[in-house]
Every structure is written in C-alpha cells, then in structure tokens.
Amino acid sequence: MTENSTGRPSAATGVLGAATVASGLVAGVFSIFACAVMPALARSDDRVFIRVMTDINDAIQNPVFFAGFLGAPVLTAVCARRSRGSGRRRWVWAALTAHALVLLVTTVVNVPLNDRLAGAGDPARIADPAAVRERFEDTWVAWNVVRALLSTSALVCLVRALTLSQLPDGVRSSAYLESAAGSRASR
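Criteria and thresholds
Residues numbered from 1 in each chain as written. Predicted model: local features only at pLDDT ≥ 70, side-chain atom pairs only at ≥ 80, totals over all residues. Heavy atoms only, no water. Helix = DSSP H or I, 4+ residues; strand = E, 2+ residues; numbered from the N terminus. Buried < 20%, exposed > 50% of the residue type's maximum accessible area, 1.4 Å probe, protein only. Contact = heavy atoms within 4.5 Å. Areas by Shrake-Rupley, 256 points an atom, 1.4 Å probe, with all protein chains shown as cover. Axes fitted to C-alpha atoms, helices over the stretch in contact; angles between N-to-C directions. Parallel < 35°, antiparallel > 145°, perpendicular 65-115°, else oblique. Left-handed = near helix turned anticlockwise from the far one by under 90°. Nonpolar A, V, L, I, M, F, W, Y, C, P; charged D, E, K, R; others polar. Patch = residues over 30% accessible without salt bridge, like charges linked within 9 Å, V, L, I, M, F, W, Y side chains within 5 Å. Salt bridge = Lys/Arg side-chain N within 4 Å of Asp/Glu carboxyl O. Phe/Tyr/Trp six-rings, centres within 6.5 Å; stacked < 30°, edge-to-face > 60°. Lys NZ or Arg CZ within 6 Å of the ring centre and 35° of its normal. Expected span 1.5 Å × (residues − 1). Bend = angle between axes of the 7 residues up to and from the residue. 1 Å grid on protein atoms, 1.4 Å probe; cavity = no way out; pocket = protein on both sides within 12 Å on 5 of 7 lines; lining within 4 Å. Points joined across faces, edges and corners; volume = space filled by probe spheres on them.

Trainee: In this structure, what is going on with the overall build of the chain? I would like to understand it.
Mentor: Scanning the chain from terminus to terminus reveals six helices and zero strands. Beginning at the N terminus, the succession of helices and strands in the chain can be written as α-α-α-α-α-α. Looking at the chain as a whole, 36% of its 187 residues qualify as buried. Long-range pairs, those at least 24 residues apart, make up 76% of the contacts in the chain between residues at least 6 apart in sequence. When the accessible area of the chain is evaluated, it comes to approximately 10,600 Å², of which 62% is carbon and sulfur surface.

Right under this line is the structure:
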C-alpha cells in the first residue's frame, strides 16, 4: 500500500523518495566530473592539474557530500528490505546493486588513486609532475565515468520504483492502463 489511513504517502514511499533524491545528487556529482571538471582540468598543465585534483579530493570529504554518497545506498538498502513482495522490489534491488558497485569502484580504484596523487607531495616540488599525472588521470577519469553510469542507473531504477509505488494496488504495468484506455467504457 502506498498511502496510510490518512491518505498521506507511507513512510516507505518517503524513504524511497529520499533514496531517489540522494541517488540523483550522487549521479550529478560523478556526471559533472565526467562532463566538465575533468575535461577542464585536462587543459591544465601538470602541476595545476595535480594541485586542483588534490584540493578537490580534500574539499569533497565533507558531511554534505558523505550524506548523499553514503545515504543513497543506505536508504536504498532500507527500501530493499521494506519492498519484499511489492512490484518495485526488483527495481530497488537493481538500484542497490548499482550503488554497491559505485562504492566498490570508489574504494578499490578512485580513492587509492586520490591517495597516491596526494602522496606525491607539493606539486611545485615534484620532480616529474607529468609522470605523476600520467599514473592518475586516464584511469581515474575512466572509472569515474563508470561511477557516473552506475549511479545514473541506480537513479533510473529508483525513479521507476517510485513510479510503481504510486500506482494503486494491482496495477503494475502500463499494459493494464493501455487496455483500459482502449475499452468501450472509456469512450
């Protein structure tokens, strides 16, 4: 059921909505890096690239970012637990899987690359900044695109689950709505 006895959306729908918003924010962060931040930094010289990426990696570690980045999978997990037996269950589980893969890629690839970049030291004192950048940029950018695609997939799945949660009980597909629209009773 999508509404409680007062006609308001249920707590489950509220959590699903919050998971969807958090997922959208995370997808937006990774997408903006893929579409604007990294292409802009690609135009920079090696020392500027290293300095700016190091500064971004420091600045992004804040409560606002972590609330969305960690909140999206946690809220989606709560939704997955609560969606047993509902028509949206598969969509929520698909979103949870995508979020888990985002976390995996981030912890296995992107964070270690960020740490290695920061460990290179002050860009003004690095003997070979081109080599430091070479070991970082292409791999980080490629895996960030993967994160953007996965987090966008999670968002799409949650939007679909949210849409399904708004349908009356028993209505699970547009085929039902299409057949009803074509009946004589609707003419």
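Trainee: Explain the side chain of Thr54 here, please?
Mentor: Inspection of the secondary structure assignment puts Thr54 in helix H2 (residues 46-59). Note on Thr54: relative accessible area 16%, which makes it buried. With near-sequence residues (within four places) excluded, Thr54 lies in contact with Leu117 and Ala118.

Trainee: Any chance you could explain the packing of helix H4 (residues 89-119) against helix H5 (residues 129-165) here in plain terms?
Mentor: When two helices pack together, their arrangement is given by the angle between their axes and by how far apart the axes lie. The interhelical angle for the contact between H4 and H5, taken along N-to-C directions, is 160 degrees, at an axis separation of 8 Å. In this view, H4 runs roughly antiparallel relative to H5, as classed from their interaxial angle. Where H4 crosses over H5, the handedness of that crossing is left-handed. Split by residue class, the contact of H4 with H5 holds 22 nonpolar, seven polar and four charged.

Trainee: Quick question: what am I supposed to make of a nonpolar patch on the surface here?
Mentor: A cluster of nonpolar residues, Leu101, Leu104 and Val108, forms a patch on the protein surface that exposes about 270 Å² of accessible area. On the basis of relative accessibility, which here comes to 48%, the residue Leu104 falls in the partly exposed class.

Trainee: Would you explain the packing of aromatic side chains in this entry?
Mentor: How two aromatic rings sit relative to each other is set out by the distance from centre to centre and by the angle between their planes. Summed over all chains, the structure comprises six aromatic pairs. Feature note: the residues Phe30, Phe65, Phe66 and Phe69 constitute an aromatic cluster, connected by ring pairs. Note that Arg133 overlies the ring of Phe49, its terminal NZ or CZ placed 4.3 Å from the centroid.

Trainee: What am I meant to see in the side chain of Ser23 here?
Mentor: Examined against the element boundaries, Ser23 turns out to sit in helix H1 (residues 11-42). A residue is classified by how much of its surface remains accessible, and Ser23, at 0% relative accessible area, is buried. Aside from chain neighbours lying at most four places away, what touches Ser23 is Ala72, Thr76, His99, Ser151, Leu155 and Leu158.

Trainee: Can you walk me through H1 in this structure?
Mentor: Working note: α-helix, 3.6 residues per turn, so residues spaced by three or four point in the same direction. Across its 32 residues, H1 extends 45 Å between first and last C-alpha, which sits within 8% of the 46 Å expected from 1.5 Å per residue. Its maximal kink placed at Phe33, H1 deviates by approximately 45 degrees.

Trainee: Help me out: how do you make sense of the layout of surface pockets in this one?
Mentor: Rolled over the atoms, a probe sized like a water molecule indicates the empty space that remains. Approximately 380 Å³ is the volume found for the largest pocket. As for the largest pocket, its lining consists of 21 residues, and the residues nearest its centre are Asn57, Ile60, Gln61, Val111 and Asn114. Breaking the lining of the largest pocket down by element, the ones donating at least two residues are H1, H2, helix H3 (63-82), H4 and H5. The greatest single-element share of the lining of the largest pocket, amounting to seven residues, is contributed by H4.

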